[in-house]
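# What the coordinates show
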Amino acid sequence: MKPIQLTISAFGSYAGRTEIGFAGAQQGIFLITGNTGAGKTTIFDAITYALYGQTSGGERSGNMMRSQYALPSTETFVELIFCYQGQEYRIRRNPEYQIEKTLKNGTVKLQKVASNVELTMPDGNLFPEKKAATDAKIEAILGLSVEQFTQIVMIAQGDFLKLLYTKSDERKKIFSKLFQTDRYWRIQERLKYRSIHLDNQIEENKRAYAQEQARITIPEEIKEELEEEVVLEELIDRIVLKKKEVDEELAVCQEEEKRLSVVLFSIEEVNRQFDQFERMKRMQKELKEKEEEEKLRVQRIAEAKRAEKIKSFEEKYVDAMRSQEQSLKFIKKLESALTSLEEKRNQAGIALEMQQDAYYKMLIEQQAGLLAMGLKENEPCPVCGSKEHPALARGDIKHQIRELENELNRAKAKLAKSTEQLEHAQKELQMCRGQLKQEQEKNKICQRVLIQVQEAYEKQLLESSFEDEEDYKRAYLPERSREKLERESREYQEKCSLVSGQMVTWEKALKGKEKQDTIELKMKLKDVTAKVKRLERRKLQLHAAYQTNRAVLENSRNYQETGARLAEEDQVVKSLYRTAGGRLSGSAKIDFETYIQRQYFKQIIHEANKRLLTMSGQQFMLKLKEESDVGKRSNEGLDLSVYSLITDSERDVKTLSGGESFMAALSMALGLSDIVGKNAGGIQMDMLFIDEGFGSLDADSRNQAIEVLQQLTGGKRMVGIISHVTELKEQIDHKLVVTRSDKGSKVSWELS
């Protein structure tokens, strides 16, 4: 991965839009130089922020990077174009910030800009997902997390010595993130929790076994026979034998109970027959006492049936009288209405005549007025022929004509309404006369029908056996009442027939038999039944004890087998747990994760020593503390020491001088970069940025360090160094100069 162009806008110390092209520094070393605080490290921060949304040191978030020098309307963003595996990508990212916007009406308003990231793929299309998915895509392209990236690509100021001087515990945390060795720690934890879980399972198994043993049931009749405690298998055998004895005794008692029950049932059946026979005798006596009541009921039913034949003639007669009465009432009503309508018609006629007279009078008056308008003196009147006109109409003639016309129109309307009322009254009167005539004809028919049905009804009464109409009406019964009497009579006859038949049957069945006393037999059966129940309870108790003890025996065996298996597994797990946790007696106290990390650390130290030997003039190298020397205390497995090739002795890394510390730390950082890159899928980063540290080196050491970095580039790798050391400016041709003013930072390339 190599940067091609970096664009910074209102970010950090850069106020406006600043573009940095890296085309001239695609291979070899280049220097980023400038005064302290000019904004050199901000370039690192911008690249890291563009890729991961974090700054290189990890101490400042993107939201904190809005430039204090930026104009309120300037956008804040970082845009990075980089090349990876021959393909070009572009990332544009901005933090959340506020910007001034000028509206159309000239009003200036603060507007919140949400954080965002855009990834342009090599084909020119934007990656279509949201921020979280885009961040994951960028990390997938590079193959490095932000922690790995800042360790192998952008080594921030102060991070050199962090890995060199840190204690084993802190170094373990760093390696855990870089090499993702926490999975080995999780294996330790799983073994730990598995061991605890097995302890709980073993204890639970023991408790369950004890609970099962507590369920062992000893029946009382067997408990008395036991002289000492017996094993469970023997107890079960004794229960089986005792259950067999009880089964045999129970079978004998059940057979006796069955025999006595059959005998008692036979005797009680005969006794029930005698009781039934006595009940039939009582019923027969009761029916005999009700014979007279039945005769009266039969007679009453016969009279009601004769009266039923006359009833239809009576109903026709009553209906005819009702029709006749209704017709007469309607005739009277029509006659009264006819009188009213005639009066109404007469009144309408009178009103019409009056309206006609008024109308003609107005008409004549109107005509007279018109004639008066045309009369002149000494000219004859067209009505009377007189040439003198002493009483001509005076006043406004035109006004007088309009009033007459209005009055005439009102008179016409009243005349029309009166005519309409008279015609309506004539129609109603004619209709009423027709109805009256029709109803009078109907009444004549009703009268003839009434005479006919009355004669038929009287004839039926005479021909019947009833003395008179009152006698007939007393005999008549409504249908429901008659049906009730018939049902009672029928039920009485059926009972008589049934009792008579039953009496014959019982007499035949009981011939030669006697009623017997069953008290003694019932007592004997009761005793046998009680004994059967006692034996059944004993059988159930023995069966329940057998089932329980069999289950206890089977479950106990299972718990014993489970206990043995858990103990065996627990022994293996605890051995693994002690091994993984570095707790085996006589062994180094190095846990599993530390052991794995030591393998990575050895590789890092090996790669670091290749550079350190060159930079130190073959004087010293780094060395990992041997496992044989670890064990006095835990977490010592990642301790470093310095081995002197001149004195053949080891010493603590803290004894290194400032220059030696920088060379050792730089070597360690470069070694770490190599190993992390290899373990991240063989990813090769074609760039490396180093922030400060060269000021502590003498001239020889600095030359050797530069030589190592030149070798590191290999003719194609890009290495950027941030430093304000004057000698480096003379040794490195490509320089990116950062200057700062009260308006923000600026950059420019210089070539020596």
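Scroll up a little and you will see the structure.
Now for a description of the structure that goes with this document. (Residues numbered from 1 in each chain as written. Predicted model: local features only at pLDDT ≥ 70, side-chain atom pairs only at ≥ 80, totals over all residues. Heavy atoms only, no water.)

### Topic: the packing of aromatic side chains
The test is simple: Between 30 and 60 degrees the pair is tilted, below 30 it is stacked and above 60 it is edge-to-face, where a pair is any two Phe, Tyr or Trp rings, Trp via its six-membered ring, whose centres lie within 6.5 Å. In DSSP terms, a helix is any run of H or I states spanning at least four residues, a strand is any run of E spanning at least two, and both are numbered starting from the N terminus. Each ring is checked for a lysine NZ or an arginine CZ that lies within 6 Å of its centre and within 35 degrees of its normal; such an atom marks a charge sitting over the ring.
Evaluation of the coordinates by the stated rule reveals 9 aromatic pairs. Summarising the aromatic geometry, the rings of Tyr 52 and Phe 149 are spaced 5.4 Å apart at their centres and angled 55° between planes, so their arrangement reads as tilted. Pair noted here: Tyr 52 is in helix α1 (residues 40–52) and Phe 149 is in helix α3 (residues 146–152), with a separation of 97 residues, a long-range link. Counting every residue linked through ring pairs, the aromatic cluster contains Phe 22, Phe 30, Phe 44, Phe 689 and Trp 749. A cation over a ring is seen here: Arg 92 above Phe 77, with NZ or CZ 3.7 Å from the ring centre. A cation sits over an aromatic face here: Arg 306 above Phe 466, 5.2 Å from the ring centre.

### Considerations on the sheet that holds strand β1 (residues 2–11)
Stated precisely, the cut-off is as follows: Following DSSP output, two strands are said to pair if at least two bridges run between them. Only C-alpha atoms enter the line fits that serve as axes; for helices the fit covers just the stretch in contact. Angles between N-to-C directions range over 0 to 180 degrees. Two residues qualify as a contact provided that any one of their heavy atoms is within 4.5 Å of a heavy atom in the partner residue.
Taken in spatial order, the 5 strands line up as β2-β1-β4-β5-β8 in an open sheet, and their pairing is antiparallel. Each of the sheet's edge strands pairs with one partner strand only, and the pair in question is β2 (14–21) and β8 (116–120). Taken pair by pair, the neighbouring strands of this sheet meet at an average axis angle of 10°, ignoring direction. Pairing between β1 and strand β4 (residues 77–84): 7 bridges, direction antiparallel. If you follow Gln 5 over to β4, its bridge partner there is Ile 81. Packed on one face of the sheet, α1 meets β1, β2, β4 and β5 (87–94) and runs near 100° to β1. The sheet strands contacting helix α2 (residues 131–142) are β4, β5 and β8, and the helix crosses β8 at an angle near 45°.

### Comments concerning the sheet that holds strand β12 (residues 649–652)
Strand pairing within a sheet occurs via backbone hydrogen bonds; the two strands may be parallel or antiparallel. Sheet architecture is open: 3 strands sit in the order β10-β11-β12, paired in antiparallel fashion. The sheet terminates laterally at β10 (620–624) and β12, the two strands that pair on one side only. Neighbour to neighbour, the strand axes of the sheet diverge by 40° on average, direction disregarded. Pairing between β10 and strand β11 (residues 640–644): 5 bridges, direction antiparallel. Residue pairing for β11: Met 621 is matched across the bridge by Tyr 643. Its contacts with the sheet place helix α14 (residues 592–615) against β10 and β11, and it is angled at close to 180° to β10.

### Considering the packing of helix α8 (residues 232–289) against helix α13 (residues 519–580)
To keep it simple, the criterion reads: The labels follow the angle: roughly parallel below 35 degrees, roughly antiparallel above 145, roughly perpendicular from 65 to 115, and oblique for the rest. Crossings are classed by handedness, with left-handed meaning an anticlockwise turn of the near helix from the far one by less than a right angle and right-handed meaning a clockwise turn. Charged residues are taken to be Asp, Glu, Lys and Arg, nonpolar residues to be Ala, Val, Leu, Ile, Met, Phe, Trp, Tyr, Cys and Pro, and polar residues to be all remaining types, Gly included.
Two numbers describe how α8 lies on α13: the axes approach to 8 Å, and their chain directions differ by 155°. Looking at the two axes, α8 sits roughly antiparallel to α13. Regarding α8 and α13, the two cross each other, and that crossing is left-handed. Classifying every residue of the contact of α8 with α13 gives 22 nonpolar, 5 polar and 16 charged.

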